[in-house]
Amino acid sequence: MALFRLPSSVPLALEPRGSGLLLRAPVMSDFPQWAQLRDRSRAYLTPWEPIWPSDDLTRTGFRRRLRRYAEDIVNDRAYPFLIFREADGALLGGITLANVRRGIVQAGTIGYWVGEPFAGQGCMTSALQVLLPALFGELSLHRVEAACIPTNLGSVRVLEKSGFTREGLARRYLCINGVWQDHLLFGMLHEDFHG
Ligand SMILES: CC(C)(COP(=O)(O)OP(=O)(O)OC[C@H]1O[C@@H](n2cnc3c(N)ncnc32)[C@H](O)[C@@H]1OP(=O)(O)O)[C@@H](O)C(=O)NCCC(=O)NCCS
């Protein structure tokens, strides 16, 4: 008998909310708001992200993205979330739980972004506090991981404020903005989380 199994029913509509935020998977009607926010935040985001495909901000690119997301969710591989302000439905940013590993690992890796107009207002710290209970709860993770470039002081701060532990440095770990870059590795165990 397997000691570790997939959650008995993988929730397809995981929509955690709290602190005035709603997190949910993107849908096609999010495209105009998403493309506009990503476009106006391009210079702010691109130093910290993989190179954007040339058609990333087009409707076709977004549709392809949603198809990939749907496959990932159904196969319990990744869970993308957009972050909305509940009061007015404004899109603020996004968090993706990727690289979900089951079996004896039960871990996944978060990546995140905030639109430039909303940066530095506590948005990502609040969004993680809303999401983490769902990752350790509904998705039954034992461990959540994150990695960031050492000079990304805002991201380091968010992870430390949120209770992640700095675990090491991985050399030339991810290809960010076209360059293989060293990353600080962070982790949080279920028992570390005191939501
Ligand atoms: C990293 C990012 C997601 C943070 O989101 P955010 O909503 O601005 O984060 P918060 O407001 O919750 O917290 C930011 C914290 O970092 C601090 N900070 C921001 N820039 C900083 C800097 N250059 N040096 C030191 N601290 C900094 C803020 O002061 C704040 O800490 P405080 O509450 O103690 O004052 C956002 O800046 C972003 O999207 N950056 C570009 C993309 C990116 O880096 N993605 C992550 C890749 S690992």
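Predicted, not measured: the structure shown is a model, and the values here were computed from it. (Residues numbered from 1 in each chain as written. Predicted model: local features only at pLDDT ≥ 70, side-chain atom pairs only at ≥ 80, totals over all residues.)

(A) The overall build of the chain, seen in detail. From N to C terminus, the chain includes five helices and eight strands. For the chain, the succession of helices and strands along the chain, N to C, is β-β-α-α-α-β-β-β-α-β-α-β-β. Relative to the compact-globule value of 16 Å for 195 residues, the chain shows a C-alpha radius of gyration of 16 Å, a close match. By principal-axis analysis of the C-alpha atoms, the chain measures approximately 50 × 35 × 30 Å. The buried share among the 195 residues of the chain stands at 25%. The long-range fraction of contacts in the chain, counting pairs at least 24 apart against all pairs at least 6 apart in sequence, stands at 62%. (Helix = DSSP H or I, 4+ residues; strand = E, 2+ residues; numbered from the N terminus. Rg over C-alpha atoms; globule rule 2.2 N^0.38 Å. Buried ≥ 20, exposed ≤ 12 C-beta atoms within 10 Å, placed from the backbone. Contact = placed C-beta atoms within 7 Å.)

(B) How the structure looks around the site of the ligand. What surrounds the ligand is a group of 21 residues, the closest being Met-124, Thr-125, Leu-153, Gly-154 and Arg-157. Listing elements by their share of the shell around the ligand, those giving two or more residues are helix H2 (42–45), strand E5 (107–114), helix H4 (123–136) and helix H5 (153–161). In terms of residue count, the dominant contributor to the shell around the ligand is H5 (six residues). (Near = placed C-beta within 6 Å.)

(C) Fine view of the nonpolar core. Ranked by size, the top nonpolar core spans 36 residues in total, and within it Ile-83, Ala-127, Leu-131 and Leu-135 carry the most contacts. Residue assignment for this core shows that the elements contributing at least two residues are strand E2 (21–24), strand E3 (79–85), strand E4 (91–101), E5, H4, strand E6 (143–148), H5 and strand E8 (179–189). Per-element tally for this core: the top contributor is H4, with nine residues. Beyond its immediate sequence surroundings of up to four residues, Leu-131 is in contact with Pro-16, Leu-23, Phe-81 and Ile-95. (Core = buried A, V, L, I, M, F, W, Y, C linked by C-beta atoms within 7 Å.)

(D) The arrangement of H5 in detail. Buried within H5 we find Ser-155, Val-158 and Leu-159. Buried positions in H5, seen along its axis, are confined to an arc of 95 degrees and lie on one side of it. Summarising the geometry of H5, the exposed residues directed more than 90 degrees from the buried face are Leu-153, Gly-154, Arg-157 and Glu-160. For H5, the elements touching its buried residues are H4, E6 and E8. Just downstream of H5 lies Gly-163, where phi reads positive at about 100 degrees. (Arc of directions from axis to C-beta.)

(E) Representation of the pairing of E5. Here E5 lies mainly inside the structure; six of its eight residues are buried. Pairing analysis gives seven bridges linking E4 to E5, with the strands arranged antiparallel. From the neighbouring strand, Thr-96 faces E5, where its bridge partner is Gly-111. In this antiparallel pair of consecutive strands, E4 and E5, the connection spans five residues, and Gly-103 shows a positive phi of 60 degrees. Relative to E6, E5 runs parallel, the two sharing three bridges. (Pairing = 2+ DSSP bridges.)

(F) Inspection of unusual backbone geometry at higher detail. Located in the positive-phi region is Arg-172, a residue other than glycine, with phi close to 40 degrees. For Arg-172, a count of 10 C-beta atoms within 10 Å gives the class exposed.

(G) Representation of the sheet that holds E5 in the model. Here eight strands make up an open sheet; going across it, the order is E1-E2-E3-E4-E5-E6-E8-E7 and the pairing mixed. Each of the sheet's edge strands pairs with one partner strand only, and the pair in question is strand E1 (17–18) and strand E7 (165–176). Where E2 lies against E3, four bridges are found, and the strand directions are antiparallel. Along E3, the bridge assignment pairs Leu-22 with Phe-84. In this fold H5 packs onto E6 and E8, with an angle of close to 160 degrees to the strand it touches most, E6. (Axes fitted to C-alpha atoms, helices over the stretch in contact; angles between N-to-C directions.)

(H) Main features of the environment of Leu-66. As for its position among the elements, Leu-66 is in helix H3 (residues 59–74). The exposure class of Leu-66 is partly exposed, given the 17 C-beta atoms found within 10 Å. Expressed as a C-alpha distance, the spacing of Leu-66 and Leu-45, which sit 21 residues apart in the sequence, is 20 Å. Each residue touching Leu-66, except ones within four places of it in the same chain, is listed here: Pro-26 and Met-28.

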